[in-house]
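# Results of the structural survey
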Amino acid sequence: MDWFKTEDICCGCSACEKVCPKQAIAMKRNEKGFELPVIDSGKCIRCGLCEKVCAFSKRLEEPVAPNTVKVYGLKKKKGREKSQSGGAFAAFAEFILSRNGVVYGVACNGKRVFYKRIDKIRHLDGLKGSKYVQAKAGNVFEETEKDLLEDKWVLFSGTACHLDGLKSYLKKRRINAQKLFLCDLVCHGVPSPLVYEDYYEYLENKFGGIRNFDFRKKLKGGWHGHIESFVDKKKHLWITDNYTKIFYSHLELRESCYQCPYASMNRISDITIGDFWGIEKVDAVFHSSDGVSLVIVNSEKGQRLFESIESGVVWKEFSPEQCKQPNLYAPTNRPEAYDEFWKNYMQHGFKDTVVKYCDYNEKADTHWTIRKRMRRWIAFYMKSFLHRCFRGQ
């Protein structure tokens with residue numbers, strides 16, 4: 001068996017594996033933990049479907065054509081607590097599920113991060129919140145195909161590269177996708193599953209086991225802070241920013257992310273969602289400490305879906321210039337130390353590498369006691385009070 005694609009020209013969507021009529025392709029992890037297609041030349045019949053279905057390689061040559069978009073700030077009226085910002089994904093998902101549809105999104109179970117299908121609102125919490133690691137696609141392409149053949153409404157949320165792979169797969173399979181809504185994310189780049197798994201394992205060894213890991217905890221006092229949390233075996237809540245430091249080092253991203261053809265305002269989805277960073281500067285009145293979602297509507301189908309949820313959300317339209325975020329205009333830059341980081345990782349492992357390259361600090365793991373919570377809440381509300389006072393002058 002031979003590697004079929006290299007990491008710089010493959011996003012790991014698995015469309016080639018799913019479309020192969022002879023099951024000659026399998027997704028295998030490379031040394032960095034990213035999945036790549038491996039081809040069994042003994043089974044291959046040289047039909048070329050794997051090349052034809054590869055949306056990512058085509059986008060590298062032919063970027064997405066410009067389209068007209070509408071930009072909104074959105075806040076769900078109820079139940080924003082478990083969402084990372086304003087609850088846009090939950091609002092769209094609840095509408096689809098209320099119509100006996102199905103929703104696909106990313107779930108996390110300990111060290112496993114994967115795409116998951118749900119058909120009940122009570123299962124939605126598991127798909128809420130950001131997961132800063134590349135998710136395993138599994139069999140969701142085939143499951144989506146089956147749902148569409150059964151004439152179900154489907155919302156599929158994920159990275160633009162995986163959604164484009166799904167679109168291409170369904171087209172090759174000649175599936176009617178009129179009832180499929182694609183919702184992509186403002187993506188910073190996908191971190192290595194290997195690095196996340198090693199980090200999780202490190203915490204397990206340090207604390208004798210952990211659970212309820214949250215990639216970005218929305219603590220009382222706002223949504224702007226980027227802090228992870230987890231619970232140890234004694235049921236103590238801990239917070240830290242060590243994985244955040246690894247993520248924002250940009251050293252652990254997939255090689256293809258540094259030339260991402262989807263990092264622009266020309267989207268391939270019906271709706272793009274993200275955190276509305278900078279909303280407090282654009283519109284201080286609409287800003288909320290509980291979070292505001294950025295929603296970019298890219299198609300007529302997306303606009304119809306947006307209008308269908310209006311009764312459950314508070315929204316306001318903005319111009320594209322008011323939501324300028326780096327990854328809506330260009331991919332994340334490839335750090336100069338990228339190759340050095342991975343060489344060190346292979347030779348010396350997780351702890352040595354992240355301490356050396358990502359400012360990892362064990363002292364950042366903080367036991368989140370009631371006293372510390374009260375201290376942070378008081379500081380936050382004092383700051384908010386002073387801000388309102390000065391703004392009113």
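Below or above, wherever it landed, is the structure these notes cover. Please read these numbers as outputs of a predicted model, since none were measured by experiment.

Right, let's get into the pattern of salt bridges. When their charged atoms lie close together, side chains carrying opposite charge are able to pair. If you walk through the whole model with that rule in mind, you get 28 salt bridges. The partner of K136 in a salt bridge is E35, and the shortest N-O contact between them spans 2.5 Å. In this pair, K136 sits in the loop between β6 (112-118) and α5 (140-149) while E35 sits in strand β3 (residues 35-39), placing the two residues 101 residues apart along the sequence. Measuring nitrogen to oxygen at the nearest pair gives 2.8 Å for the salt bridge that ties R334 to D339. Where salt bridges share partners, they join R117, D119, K120, K146, D147, E150 and K152 into one cluster.

Turning our eyes to something else, we now look at the sheet that holds strand β15 (residues 366-367). The sheet built from 4 strands is open, its strands ordered β9-β10-β11-β15 with antiparallel pairing. Every interior strand has two partners, whereas the edge strands, β9 (210-214) and β15, have only one. Two strands pair when backbone bridges link them, and strand β10 (residues 228-232) and strand β11 (residues 237-240) are joined in this way by 4 bridges, in the antiparallel orientation. Bridge pairing in β11 links V231 to L237.

On to the sheet that holds strand β13 (residues 293-297). Strand order in the open sheet formed by 8 strands is β6-β5-β7-β8-β12-β13-β4-β14, and the pairing between neighbours is mixed. If you trace the sheet from one side to the other, it starts and ends with β6 and β14 (313-318), each paired once. When the angles between neighbouring strand axes are averaged without regard to direction, this sheet yields 25 degrees. Note that strand β5 (residues 102-109) and β6 share 7 bridges and pair antiparallel.

Among the nonpolar cores identified, the biggest contains 70 residues, and F156, F213 and F350 are the most heavily contacted of them. Ranked by the residues each element gives to this core, the list is headed by helix α7 (residues 193-207), at 8 residues. Look past the residues within four positions of F156 in its chain and what remains in contact with it is Y104, Y115, V140, T144, L163, L166, L180, F181, L182 and C183. With 27 residues, the next largest nonpolar core counts A93, C183, V297 and L305 among its residues.

Below, the discussion takes up the side chain of S229. Here S229 is to be found in strand β10. In contact with S229, other than residues within four places in its own chain, are N212, F213, D214, K217, L237, W238 and I239.

So, about a positive patch on the surface. Residues K52, K58, K167, K171 and K172 make up a contiguous surface patch of positive charge. The biggest single contributor to the positive patch is helix α6 (residues 160-172), with 3 residues. Along the polypeptide, K171 turns up in helix α6. Using a relative accessible area of 69% as the deciding quantity, one classes K171 as exposed.

With that settled, consider unusual backbone geometry. A negative phi angle characterises most non-glycine residues, just as the trans form characterises most peptide bonds. Notably, Q23 is not glycine yet its phi reads approximately 50 degrees, a positive angle. Among the secondary structure elements, Q23 is positioned in the loop between α1 (15-19) and β2 (25-29). Judged by its relative accessible area of 57%, Q23 falls in the exposed class. Phi at D359 takes a positive value of approximately 60 degrees, unusual for a residue other than glycine.

Let's shift gears to the state of the cysteines. All chains considered together, the criterion is met by 0 disulfides. Unpaired in terms of disulfides, C47 finds its nearest cysteine sulfur in C20, a separation of 6.0 Å. Lacking any disulfide linkage, C257 is separated from the closest cysteine sulfur, that of C187, by 5.9 Å.

A separate point is the packing of helix α4 (residues 88-98) against helix α10 (residues 300-308). For any two helices packed against each other, one specifies the inter-axial angle together with the distance between the axes. α10 packs onto α4 with a crossing angle of 90 degrees between their chain directions and a minimal axis gap of 9 Å. On the basis of the axis angle, α4 is roughly perpendicular to α10. Contact residues: α4 offers F92, F95 and I96, while α10 offers L305, F306 and S308. Its residues assigned to classes, the contact of α4 with α10 shows 5 nonpolar, 1 polar and no charged.

So, on to the packing of aromatic side chains. For the structure on display, the rule yields 34 aromatic pairs. Ring geometry for Y132 and F247: centres 4.7 Å apart, planes at 50 degrees, overall tilted. You can see Y132 sitting in the loop between β6 and α5 and its partner F247 sitting in helix α8 (residues 242-249), a full 115 residues away along the chain. With respect to class, Y132 is no different from F247; both count as buried. Judged by centre distance (5.7 Å) and plane angle (80 degrees), the rings of F306 and W315 are edge-to-face. Ring pairs connect the aromatic residues Y132, Y196, Y199, Y200, Y202, F213, F215, Y243, F247, Y248, F350 and Y360, which therefore count as one cluster. Across the ring face of F114, the terminal group of R112 is positioned such that the distance to the ring centre comes to 4.2 Å. In this arrangement the basic side chain of K301 is found over the ring face of F181, its NZ or CZ atom lying 5.8 Å from the centre.

Rules and cut-offs
Residues numbered from 1 in each chain as written. Predicted model: local features only at pLDDT ≥ 70, side-chain atom pairs only at ≥ 80, totals over all residues. Heavy atoms only, no water. Salt bridge = Lys/Arg side-chain N within 4 Å of Asp/Glu carboxyl O. Helix = DSSP H or I, 4+ residues; strand = E, 2+ residues; numbered from the N terminus. Pairing = 2+ DSSP bridges. Axes fitted to C-alpha atoms, helices over the stretch in contact; angles between N-to-C directions. Core = buried A, V, L, I, M, F, W, Y, C linked by side-chain atoms within 4.5 Å. Buried < 20%, exposed > 50% of the residue type's maximum accessible area, 1.4 Å probe, protein only. Contact = heavy atoms within 4.5 Å. Patch = residues over 30% accessible without salt bridge, like charges linked within 9 Å, V, L, I, M, F, W, Y side chains within 5 Å. Areas by Shrake-Rupley, 256 points an atom, 1.4 Å probe, with all protein chains shown as cover. Lys, Arg positive; Asp, Glu negative; His and termini not counted. Charge placed at Lys NZ, Arg CZ, Asp CG, Glu CD. Disulfide = S-S within 2.5 Å. Parallel < 35°, antiparallel > 145°, perpendicular 65-115°, else oblique. Nonpolar A, V, L, I, M, F, W, Y, C, P; charged D, E, K, R; others polar. Phe/Tyr/Trp six-rings, centres within 6.5 Å; stacked < 30°, edge-to-face > 60°. Lys NZ or Arg CZ within 6 Å of the ring centre and 35° of its normal.

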